[in-house]
Every structure is written in C-alpha cells, then in structure tokens.
Amino acid sequence: MEDNLKITQLALSEFKVDAAHDFCLTSMGNNIVLSGNSHEFHILEMLHSVELLIPLPYHVKFVHVSQDKPLTSLINPIDLVRIYETSNAMESQELSLEPLYVYECSVEPAKPRILQADLLEGPDNTTLCFMLNTYGACDILQKDAITHEWTTIKTNINQVLINNVFPVNTPSKDINKFSLFKNFIGTYTITAFTWSYIGDLQVIYVATAIGYVIVLKFCYETREFTELFHYKTSLERITYIAAKDNFLIVACTQGQVGLLQIQPTKMALSEKHYLWSKKDRMGCRKILMNYSQECKSYFLVFCKGAHILAYRLDIEGNILSNSTLYTKGIKISGLEHISANEFIITSIVGNITYVRISCPSTEELVLETQNIEHDLDITNLQILGMATSKSRSLWTFFLSRNKDYTHQSKHSPNSAFVSVCKISNHDSLIKLINLNLTTMDGAIDLVMAINLDIINNLEMDKYQDFMNLNRLNPPKIVNDALLQKLQIKLIIVRNVAKYQKTKYKSVKHNTEMELDFLESVIQMIYINQRLEYLQTVRTPDVKLSSFQELSVACMQSQFSRLLNGLINRDDNETNHLRNSVENYSKVLKTEYEKCCFETDGFKYKPERCEMCDAEISVTTFDKCREGHAVRRCTISYTQLSMAPTKYCPHCYALVTDNMFDLKELFPPNEVVKCTFCRFLIKHDNV
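Residues numbered from 1 in each chain as written. Predicted model: local features only at pLDDT ≥ 70, side-chain atom pairs only at ≥ 80, totals over all residues. Heavy atoms only, no water.

A. Geometry of the overall build of the chain. The secondary structure content of the chain amounts to 14 helices and 33 strands. Across its three principal directions, the C-alpha atoms of the chain cover 95 × 55 × 55 Å. Looking at the chain as a whole, 53% of its 686 residues are labelled buried. Considering only residue pairs separated by 6 or more positions, the chain has 58% of its internal contacts joining residues 24 or more positions apart. (Helix = DSSP H or I, 4+ residues; strand = E, 2+ residues; numbered from the N terminus. Buried < 20%, exposed > 50% of the residue type's maximum accessible area, 1.4 Å probe, protein only. Contact = heavy atoms within 4.5 Å.)

This is the structure we're talking about:
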C-alpha cells in the first residue's frame, strides 16, 4: 500500500444546476460529461493551457437535452386512458410513472431529462457525444470545426429498432391491457447504451426496457446505425450496460447484475451467469472491468449502496473468487480505477478511499483499503461524482451543498461545485519526460497538471531542478528525443514566466534569459531537422518545389539570426547560461553546415509586403524596405498572410493556413505540429 496518500485541490469553480444525481460525471480521454442538470448538461473540454485567473482547466459547454419523442407514432393509436382506467392500483401507479404516458396524457408534461450522455472519439481527432433522454430518443452531438460549438445530429437508431429489429405487427386496437402496453412499448424504449468494438467494427450496445440488448454497427461517415444482432436477456428493465473485450455487463432496475459473453465469430451474445442475483432494487450505475497481466485474469468491481463487490474472472468469464467491502456511510457516489487492480471510491459523506485488489491464491480475493487525505470542504459539501483524466494525473470531483449548509443567496440550492485535484502518488513530470510522443496532444492532462502545479506554487523545487539549464549539455546526437526534452523544459519555463508576471507584475531576468535560450535552440534544432529531410528529397532528378525553396531560404535566414543572437548575447558574470550557449552554438552550427543549401540557384517567387507591395528580402526578414512589419509562420518561416491563419492551441504560435504546403516540409509519416511545444495545429475561428 502507498504511504500517506493525499489529494490536493488545484482548481475550483461553481456551477448552476437544476438537479444532481449519482455518478453524474463520465469521462472519455481528457473530456468530461457532467450530467447533473435535469434539462441540460455540461461538456467539460480540457484546455491546452490555463492562466491564474481561469477557475477551471476546462472549457465548459452547455448542451440542451433533445426534446424528441420518437415513439409518439406508436403510442398515438393506443387508448391509454382506457388502459389506465381498467388497470389495478399497482399497474396504474407504474403507468403514471412512465414518461411516455405522462407526456401523452398530462396537461403540462415535464420536459425530457438526460438519461445518459457519453463521449466518443472519432477519426481525425473529432469528438462525438451520444445522448439519450427519458423518452428513449438517441441523438449525436458533434463539435463544429469552425465555431467549436456542439450541434445535434438526428440519428436513425430509433427507426432501426421500429422498422428493422422489431417490425410492428401488432394492431394497436389489440393493445388494451397494461401488460400488453408495457411489453409493446418496452421493446422500443432505449434505457441504456455503451460503445465498444467487435474486431474492427465500432458498435453500440443498446438496452431496452424489457431486457433486450441490440448490437448496432456505427458508420462515422453517414452517422447511421445498422443492426448486427440482438439478444433477449433474463433481466427486466436494463438501466446500465458496460463492455470490456468480449464481455458485456448489464444491470437492471431490480438490482440484478448479469454477465454476457460476446461471440465475435458468430455475431451473437450468450448469458454466462448472474454476478448479483438478488432483486434488492438497488440500482448499479458504475461497473469497472479491467484485465490484470499480473494475475492473468479480469477484475470486475461495482457498488451496491455503501458496499463494493469485487470479482476475479478467468478469460472465459468464469468466477474464480469474489469479495465484498463495506465503506461506511449510506452510499458510494464515485468509482474510478487507477490500474487494473487499484481504484478510488468516494462516499456521499465525503470519504475518499484507495482500494487495492490482491489475490494470494486462486480462491482468495483481498481488498486492501486506505483513507486518502484531501482538502475538499466536506463539512459543507458532499461528493456526488468523480472522473479522471487520460493519464490519471487529474481527478475531478462534483460537489453539492449538504442540508446543513446555510447561505444567504436565494440561488444556493441550485449551486454545485467542480473541484480539480491531483493525487500524491502520481508525478506528472516524470510521466511526461518518460514518454516518447509524436505530438504533445497525447499528454494534454500531464501538461495541464504541471501548469496547475506552477500556478498553485506547488513542488517548485522539482521543476526548478528539471529546468536547470546551466548544466544542459548537448548530446553527441541531436535528435527528436532531445527536441522533445527541450520543448518540455520550454513549456515549464513559460508557465513559470506566466506565474511570475501575474504575481510580481514582471518576469524575472533569469527566466527571460532561459526563455530566449530555449526558444532559439528549439527553433535551430527544428530547422536542422527540416533541412536534413529536404536534402533527402532533392535528387539530380527531383527538384524542390517553389514553396520548399522559399522555406529553405527563410529557415536558413532565421537560423543565422538565431545563431548570431545566441553568440552576441550579453556575456557577463550574471549570464548563468554562458556554457550552455557556447556548447549548443558550436554543436548546432556544425549540424547546420552539414545540411544547409546553396540558395543561389533557387527560383522561388519573392515575397511582397501586403501593406505596400514592396519586395521583401529574406535577409531583412522581419520588415520590408518601407519598414512594415512582416509576420512569419513558425513552421515554414514564410510570410503570413493577413487572412485568418492557423495556430498552436497551447502557445498560440501562428502558422500559415496552407497545410498542403506545410506537409511538403515533413516526411509522409510525420504530422505537422508546433515548432515550440509539439502540439497539433488548430484552425483559427476568426
């Protein structure tokens, strides 16, 4: 077990919500869906960087729940009033709780509420959000590439169920009893879903109110669904469904939890056994299932009230052992895994517990627990949900005021809070420097955790030691691994500079020198890499394109400017980077001389000033002969147009809008990314 585990709060922000419920946070990658509002919900998109005055490291989007009622055409011919009048007391009560009946027969029907919303990663870095309301309507939200707002796309999933999976063949006049109506409408009412893969197929598992599980293939291009197969389970109204490898776990409103096995070759489902067979009416809203390489088996965990139930399964889904843990309080409000055999649970009374699963023998399953210290205000607030980032470096808690909290504001009952924290046994810096990243986008949450540490002035000795540039000596081989290391250092130094500017109103002199040094060296290494690649492109039979020639001339001019700036830097006793400057200048100049071009034979079209149309010489570079400033692309170093450009979402370095030209500077298998911080380039919204 870890010693003295602690959760430290890094950011806190208040939300206005109509209603909150358990497990209201679900995450995918670094984005979170917060469905604690009855008629709308929030999507929290992680930012690439954050300032001291920004309350959360997320961009919060408000999304309205779909108002669609896809089963109205099926219900209209049915005499619901007569069914209600002829039902017994229990049936009448159950019917009055059915949202579809209330909508059709109520004078003022309530708006549909969010039942479930989950995020899905699409191709080309797109993100979709699949949304289900209490009327069973399933819609897809997708983020617009220009405005970055979420727009609704109607799907065919309800029509597929009505027209293809369960074609309507029962005349409406024959549905005159409550049992017939319940079975009929329950066939088409979607109550839960989950995304997964069968082989290479992206599929969605959809559960209905009478226990069906329908498997549909999803096409990204058309945003349409096609049925693969369906299966009738022995469970009643399914309220939760989760998928892992070839297993499907379903939970129903009666509290039962069943394990189903997927047979990919046969395109079929089969029921294995119950994980929980008692009808205790305690719904299950979160199930974790992970494969442990250490134990060569699956660990499956879910909660019932204030109890944790854990199972160890073999690869066939057979139960090897199981165990139960009571966590105090009345119910568990959050459940997230750290690894296959480690997870964190939160309770409604504010306890946060670390649990580790161990298996001393095949028949034994031991749950070891440890309380985690934290600085959340559990005296006045209760924890209603929890989510974690992709690398488990940031933990987000959803909090609401408890009944004893007194507040003068009339809006206080509608207030909730989101707290972003880190856990003490996860070091984001060590994780980041040990990763070999094509782009920094794969580690946004690690970069954000470091950013929040610096903003909160936490563990600064560790970051200062990593930033110690006066001991930075260039290796024998200047490669992409060195470039990544320097880019991480630059990210940290820039964050330190932002913190100093906010707190002290100015950046310290040493920090400014480190910024100048790193920005110059990173650009010089990057330019050498581009020149080395272009040398392999040019052959006796193949000439460089006009854009490649212009870029080479501009990059070589920029390299000379950067090198002269390093060498001619004010060299005095206060310059703690003197040795590093000398060493890197020599090494990078030697590398440059091996890959630079003779530009006298180039025939590219000269650049012209957009203000006065004067010709711009690559030697003057940043100004035309009339003195007008020239903006330069930070990747090709060619002139930027006055039209909207692209930029780095982390450091806002500007890039030319023509990505087709920029790709000419990179090998076919390499993506275009920011020179300074390795993030993918983003469209400008202007």
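Once you've had a look at it, read on.
B. Fine view of the packing of helix α3 (residues 89-96) against helix α6 (residues 178-188). At a closest axis distance of 11 Å, the pairing of α3 and α6 adopts a crossing angle of 30 degrees. The pairing of α3 with α6 is recorded here as roughly parallel in orientation. For the element pair α3 and α6, the recorded crossing hand is left-handed. For the pair α3 and α6, contact is made by E91, E94 and L95 and by F178, F181 and K182, respectively. Among the residues making up the contact of α3 with α6, the classes are represented as 3 nonpolar, no polar and 3 charged. (Axes fitted to C-alpha atoms, helices over the stretch in contact; angles between N-to-C directions. Parallel < 35°, antiparallel > 145°, perpendicular 65-115°, else oblique. Left-handed = near helix turned anticlockwise from the far one by under 90°. Nonpolar A, V, L, I, M, F, W, Y, C, P; charged D, E, K, R; others polar.)

C. Broad picture of the sheet that holds strand β16 (residues 257-263). The antiparallel open sheet is built from 4 strands, whose spatial order is β14-β15-β16-β17. The strands lining the two open edges of the sheet, one partner per strand, are β14 (238-244) and β17 (268-276). Across the sheet, the mean angle from the axis of one strand to that of its neighbour is 25 degrees, orientation sign disregarded. Pairing between β16 and β17: 7 bridges, direction antiparallel. Looking at β17, one finds that I262 is bridged to L269. (Pairing = 2+ DSSP bridges.)

D. Main features of the pairing of strand β28 (residues 395-401). Across the 7 residues of β28, 7 count as buried, placing the element largely inside the fold. The two faces of β28 match: W395, F397, L399 and R401 on one face and T396, F398 and S400 on the other face are all buried. Here strand β27 (residues 381-388) folds back onto β28, and the loop between the two strands holds 6 residues, one of which, R392, carries a positive phi near 60 degrees. Examined bridge by bridge, β28 and strand β29 (residues 415-423) share 6 bridges and lie antiparallel to one another. When the bridges of β29 are listed, W395 appears paired with C421.

E. Fine view of the confidence of the model for the chain. Here the chain averages 88 in pLDDT, while 95% of its residues score no lower than 70. Least confident of the elements in the chain is helix α4 (residues 99-105), whose mean pLDDT is 76; most confident is strand β15 (residues 247-252), at 96. (pLDDT = per-residue confidence, 0-100.)

F. The environment of D622, seen in detail. In this structure, D622 sits in the loop between β31 (615-616) and β32 (646-647). Those residues in contact with D622 that lie beyond four places of it in its chain are R561, H628, A629 and V630.

G. Quick peek at empty space enclosed by the protein. Tallying each qualifying case throughout the model produces 5 cavities of 30 Å³ or more. Reported here for the largest cavity is a volume of approximately 80 Å³. Contributing to the lining of the largest cavity are D480, L483, Q487, Y526, Q529, R530, F666, E670, K673, C674, T675 and R678. Elements that contribute at least two residues to the lining of the largest cavity include exactly α10 (480-504) and α11 (509-537). Class assignment of the residues belonging to the lining of the largest cavity gives a composition of 4 nonpolar, 3 polar and 5 charged. By volume, the second largest cavity is sized at about 50 Å³. For the second largest cavity, the full set of lining residues is V50, E51, L52, N451, I455, N495, K498, Y499 and T502. Of all the elements in the fold, those that place two or more residues in the lining of the second largest cavity are α8 (444-455) and α10. Considering every element that reaches the lining of the second largest cavity, the biggest residue donor is α10, with 4 residues. Looking at side-chain class alone, the lining of the second largest cavity contains 4 nonpolar, 3 polar and 2 charged residues. (1 Å grid on protein atoms, 1.4 Å probe; cavity = no way out; pocket = protein on both sides within 12 Å on 5 of 7 lines; lining within 4 Å. Points joined across faces, edges and corners; volume = space filled by probe spheres on them.)

H. Looking closely at the sheet that holds strand β23 (residues 342-347). What the 4 strands build is an open sheet, ordered β22-β23-β24-β25; its pairing is antiparallel. Either end of the sheet is taken by a strand with one partner, and the two such strands are β22 (332-339) and β25 (366-371). In this sheet, adjacent strand axes meet at a mean angle of 25 degrees when their direction is disregarded. Strand direction decides the pairing type here: β22 and β23, joined by 6 bridges, are antiparallel. When the sheet's bridge partners are listed, S339 is paired in β23 with E342.

I. How the structure looks around the pattern of salt bridges. One pass over the structure, following the stated rule, counts 23 salt bridges. As a salt-bridge pair, R401 and E14 come within 4.0 Å of each other at their nearest N and O atoms. Of the two residues, R401 sits in strand β28 while E14 sits in strand β1 (residues 6-16), which places them 387 residues apart along the sequence. Residue classification places E14 among the partly exposed residues on the basis of a relative accessible area of 40%. Here E670 makes a salt bridge to R530, at a shortest N to O gap of 3.7 Å. (Salt bridge = Lys/Arg side-chain N within 4 Å of Asp/Glu carboxyl O.)

J. Region of interest: the side chain of N495. You can see N495 is positioned in helix α10. A distance of 3.5 Å separates the side chain of N495 from the side chain of N451, its partner in a polar contact. Sequence-distant contacts of N495, that is, excluding residues within four places in its chain, are made with N451 and I454. (Polar contact = N/O pair within 3.5 Å; in protein donor to acceptor, adjacent residues only side chain to side chain.)

K. Just the pairing of strand β12 (residues 212-219), in detail. Burial of β12 is extensive: 6 of the 8 residues sit out of reach of the surface. Sheet topology places strand β11 (residues 201-208) next to β12; 5 bridges connect them, and they run antiparallel. Bridged to V206 within β12 is I214. The pairing of β12 with strand β13 (residues 224-232) spans 8 bridges and is antiparallel. Across the sheet, residue F218 finds its bridge partner in β13, namely F225. Here β12 hands over to β13 after 4 residues, with R223 in that stretch at a positive phi of 60 degrees.

L. Local environment of the packing of aromatic side chains. In total, this model carries 17 aromatic pairs according to the counting rule given. Ring geometry for W195 against F218: centres 5.3 Å apart, planes inclined by 65 degrees, an arrangement best described as edge-to-face. Placement of W195 in strand β10 (residues 190-198) and of F218 in strand β12 is noted, with a sequence separation of 23 residues between them. Of the two residues, W195 and F218, both sit in the buried class. (Phe/Tyr/Trp six-rings, centres within 6.5 Å; stacked < 30°, edge-to-face > 60°.)

M. View of the environment of E227. By secondary structure assignment, the location of E227 is in strand β13. For E227, a relative accessible area of 26% gives the class partly exposed. Sequence separation between E227 and V215 is 12 residues, and the spatial gap between their C-alpha atoms is 6.1 Å. Setting aside residues no more than four positions away along its own chain, E227 makes contact with V160, N164, V165, I214, V215 and L216.

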